[in-house]
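Residue strings, one per chain:
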Amino acid sequence: MKTENIDTNQYNSIDKQVSFIDRCRTPPMGWNSWDAWGTGITETDVRANAEFMAAHLARYGWRYVVVDIQWYQPNASGHDYDPEARLEMDQWGRLQPAPNRFPSGFQALGEYIHSLGLKFGIHIMRGIPRQAVRENLPVKPADARALAGTEVRAGDIADAENGCAWNPDMYGVDMTRPGAQRWYDSLMELYASWGVDFIKADDAASHLYQPEEIKAIHRAIEKCGRPMVLSLSPGPAPVSEAAFFRRWAHMWRISDDFWDSWPLLRRQFDFAREWAPFIGMDNAWPDADMLPLGKLRIAASGGAGEDSRFTKDEQLTMMNLWAIIRSPLMMGGDLPRSDAWSISLLCNPDLIAVNQRSRGNRVLSWTPDSCAWIAENPEGGWHLAVFNLSDRKSRIGFSLGEAAPGVRKFSAVDIWSGRAFTLPSRYSVVLSPHASVLYKLEPALKAVR
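Residues numbered from 1 in each chain as written. Predicted model: local features only at pLDDT ≥ 70, side-chain atom pairs only at ≥ 80, totals over all residues. Heavy atoms only, no water.

- An unreviewed UniProt entry annotates the protein as Alpha-galactosidase originating from Teretinema zuelzerae.
- Recorded under Sequence similarities (unreviewed entry), the UniProt text for the protein is reproduced unchanged: "Belongs to the glycosyl hydrolase 27 family."
- Its UniProt record gives the protein the following Catalytic activity (unreviewed entry) comment, quoted word for word: "Hydrolysis of terminal, non-reducing alpha-D-galactose residues in alpha-D-galactosides, including galactose oligosaccharides, galactomannans and galactolipids." (UniProt positions renumbered as here; feature names shortened; annotations may be inferred.)

## Re the sheet that holds strand S4 (residues 128-129)
Part 1 of the reasoning: Ordered in space as S4-S6-S5, the three strands form an open sheet in which the pairing is antiparallel. The two strands at the open ends of the sheet, each matched to only one other strand, are S4 and strand S5 (158-159).
Part 2 of the reasoning: Pairing between S4 and strand S6 (residues 170-173): two bridges, direction antiparallel. Following the sheet pairing, Ile128 is matched in S6 by Tyr171. (Pairing = 2+ DSSP bridges. Helix = DSSP H or I, 4+ residues; strand = E, 2+ residues; numbered from the N terminus.)

## Considering empty space enclosed by the protein
To find leftover empty space, a probe the size of one water molecule is rolled over the atoms.
Part 1 of the reasoning: All chains considered together, the criterion is met by four cavities of 30 Å³ or more.
Part 2 of the reasoning: Within this model, the largest cavity holds a volume of roughly 90 Å³.
Part 3 of the reasoning: Forming the walls of the largest cavity are Asn32, Phe198, Lys200, Ser231, Met251, Arg253, Asp287, Asp289, Met290 and Met330.
Part 4 of the reasoning: For the lining of the largest cavity, the secondary structure elements donating two or more residues are strand S7 (198-202) and strand S9 (251-253). (1 Å grid on protein atoms, 1.4 Å probe; cavity = no way out; pocket = protein on both sides within 12 Å on 5 of 7 lines; lining within 4 Å. Points joined across faces, edges and corners; volume = space filled by probe spheres on them.)

## Notes on unusual backbone geometry
Part 1 of the reasoning: The linkage connecting Ser233 with the following residue, Pro234, adopts the cis geometry, with an omega of -15°.
Part 2 of the reasoning: Look at the link from Gly235 to Pro236: it is a cis peptide, with omega at 5°.
Part 3 of the reasoning: Inspection of the secondary structure puts Pro236 in the loop between strand S8 (229-232) and helix H8 (242-248).
Part 4 of the reasoning: The phi angle at Gln70 is positive, at roughly 65°, despite the residue not being glycine.
Part 5 of the reasoning: Even without glycine at this site, Arg297 takes up a positive phi of about 50°.
Part 6 of the reasoning: One can find Arg297 in the loop between strand S11 (295-296) and strand S12 (306-307).
Part 7 of the reasoning: Given a relative accessible area of 10%, Arg297 falls into the buried group. (Buried < 20%, exposed > 50% of the residue type's maximum accessible area, 1.4 Å probe, protein only.)

## Some thoughts on the UniProt feature "domain: Alpha galactosidase C-terminal" (unreviewed entry) in the protein
Part 1 of the reasoning: Under the UniProt annotation, the feature "domain: Alpha galactosidase C-terminal" (unreviewed entry) is placed at residues 372-441.
Part 2 of the reasoning: Strand forms 61% of residues 372-441 and helix 0%; the C-alpha atoms that close the span are 14 Å apart.

## Describing the side chain of Gln315
Part 1 of the reasoning: Secondary-structure assignment places Gln315 in helix H10 (residues 312-324).
Part 2 of the reasoning: Judged by relative accessible area, which is 6%, Gln315 ranks as buried.
Part 3 of the reasoning: A distance of 3.1 Å separates a polar side-chain atom of Gln315 from the backbone oxygen of Phe310.
Part 4 of the reasoning: Excluding anything up to four places from it in sequence, Gln315 contacts Leu293, Ser308, Phe310, Trp341, Ser342 and Leu345. (Polar contact = N/O pair within 3.5 Å; in protein donor to acceptor, adjacent residues only side chain to side chain. Contact = heavy atoms within 4.5 Å.)

## Examining the environment of Trp416
Part 1 of the reasoning: Mapping Trp416 onto the fold places it in the loop between strand S18 (407-414) and strand S19 (420-424).
Part 2 of the reasoning: Spatially, the C-alpha atoms of Trp416 and Thr44 are 34 Å apart, while their sequence positions differ by 372 residues.
Part 3 of the reasoning: A polar side-chain atom of Trp416 sits 2.7 Å from a polar atom in the side chain of Asn320.

## Quick look at the layout of surface pockets
Part 1 of the reasoning: Taken as a whole, the largest pocket encloses approximately 150 Å³ of empty space.
Part 2 of the reasoning: Its residues assigned to classes, the lining of the largest pocket comprises six nonpolar, two polar and six charged. (Nonpolar A, V, L, I, M, F, W, Y, C, P; charged D, E, K, R; others polar.)

## Observations regarding the packing of helix H6 (residues 180-193) against helix H7 (residues 211-223)
Between two packed helices, the angle of one axis relative to the other and the distance separating the axes together describe the packing.
Part 1 of the reasoning: Two numbers describe how H6 lies on H7: the axes approach to 8 Å, and their chain directions differ by 50°. It follows from the interaxial angle that H6 and H7 lie oblique. Classified by chirality, the crossing of H7 by H6 is right-handed. Contact residues: H6 offers Gln181, Tyr184, Asp185 and Met188, while H7 offers Glu213, Ala216, Ile217, Arg219, Ala220, Ile221 and Lys223.
Part 2 of the reasoning: The residue makeup of the contact of H6 with H7, split by class, is six nonpolar, one polar and four charged. (Axes fitted to C-alpha atoms, helices over the stretch in contact; angles between N-to-C directions. Parallel < 35°, antiparallel > 145°, perpendicular 65-115°, else oblique. Left-handed = near helix turned anticlockwise from the far one by under 90°.)

## Observations concerning the sheet that holds strand S2 (residues 64-67)
The strands making up a sheet are joined through hydrogen bonds of the backbone, oriented either antiparallel or parallel.
Part 1 of the reasoning: As summarised here, the arrangement of the eight strands in space is S10-S9-S8-S7-S3-S2-S1-S13, forming an open sheet in which the pairing is parallel. Two strands bound the open sheet, and with one partner strand each, they are strand S10 (285-287) and strand S13 (329-331). Across this sheet, the average inter-strand angle for adjacent strands is 25°, counted without regard to direction.
Part 2 of the reasoning: The sheet contact formed by S8 and S9 spans two bridges and is parallel. In the strand pairing of S9, Ser231 is matched with Met251.

## So, the pairing of strand S16 (residues 382-388)
Part 1 of the reasoning: With seven of seven residues buried, S16 is to be regarded as a mostly interior element.
Part 2 of the reasoning: Residues Trp382, Leu384, Val386 and Asn388 point to one face of S16 and His383, Ala385 and Phe387 to the other, with burial holding for every one of them.
Part 3 of the reasoning: Looking at chain direction, strand S15 (residues 370-376) and S16 are connected through seven bridges and run antiparallel. Bridged to Glu376 within S16 is Trp382.
Part 4 of the reasoning: Connecting the antiparallel pair S15 and S16 is a turn made up of five residues, with Gly380 showing a positive phi of about 115°.

## Considerations on the nonpolar core
Part 1 of the reasoning: The biggest cluster of nonpolar side chains holds 129 residues, and the ones touching the most others in it are Trp62, Met188 and Tyr191.
Part 2 of the reasoning: Counting residues per element, this core draws most heavily on H6, which supplies eight residues.
Part 3 of the reasoning: Excluding residues within four positions of it along the chain, Trp62 makes contact with Met29, Gly30, Met53, Leu57, Leu118, Leu291, Leu329, Met330, Met331, Leu346 and Ile352.
Part 4 of the reasoning: The next biggest cluster of nonpolar side chains, apart from the first, holds 22 residues, and it includes Leu364, Ala403, Leu423 and Ala435. (Core = buried A, V, L, I, M, F, W, Y, C linked by side-chain atoms within 4.5 Å.)

## Some points on the confidence of the model for the protein
Part 1 of the reasoning: Residues of the protein with pLDDT of at least 70 account for 93%, and the chain-wide mean is 92.
Part 2 of the reasoning: Scored below 50 in pLDDT, residues 1-16 shows 55 contacts in the model against residues more than four places distant or in partner chains. (pLDDT = per-residue confidence, 0-100.)

Structure follows, in structure tokens:
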């Protein structure tokens, strides 16, 4: 597998002068703590993953270091939630990193991540903490000189009938009430002071779809003075709302939580097919979720971690699909503990080029047991991915006539093996169960007219 360096200056650049729509010109690439640590990530673990990314992955375009859910719960552990837990928050009801887990605080952690040349992200739940509502804490006013007794309070804006169904921390926010937007504005002011570059907003894009709170988060990001990428989670996001998601977010989940299970990976193909017409439109990205590679479920295994349950063929298939559909790439495994094979999957410059640069990504052929995707290479030629979705070894045929009319033969390179060969316009490939190939193609022989 290729692992040479590539120029990543064009990737994931965020300029303070660019508009929201131009802030995410390519699919974000990074690491998220959920698959490995669940709710139990600590500052030590975040720093270790950031250091690994800076040393080994940044040269390939990997940038974001994202702390996932419940960084504000002192005793959080694993992938479950304690409804009785006391949460860390300030006098305005805004959640704060638990000091026993993040002793330096998020401002210092963000500064450290930035010092490595990387970008800092956090997970948030949409809404307002139920604890803040019980204590009826005031919402931080826009004017710090506001007189006592005139504040909007948490209970004034909370919607107890629209809380998260699967996490006990938050109520919804009723955006029709005075002070509701100010709540979100105060959050983004805080996150900007921490140096946050990426917001993963949960309980927003599916389950109970929350368009008004999504818009409130977007508006608050625009007011806070710091450019941030907005990611919406979880899915499946309704395809009927594609225009809304492109307008108000940079990326949104097309599925519920994705794990290292073949049935879940098989389902991603259906979601990807539905979202194909919207890939990269308005510099916004349908998101197939994190990459469950390497060392996972560390807290659930007593600290030892578990290797990905995907076979190597399935891991390659996942990487090929995420590349050809231009999904954001977020590594889920603990980087320092992951094996060399897993890390090598993140360091293939040709695969990353497909994910970051290709265009016109679309389904070329489709059956219940196989599919092929095609995309244009802006440097010339095409990228072709072919997938065996069945549980048996299969010969999969396809025609490139629609994608490249008049081309009889192609010069092809397998991006994983580096093997070069000639591929006719009508071709078939034999693939093991759940296996795939990803080729780079250029015209070799055009038809004589």
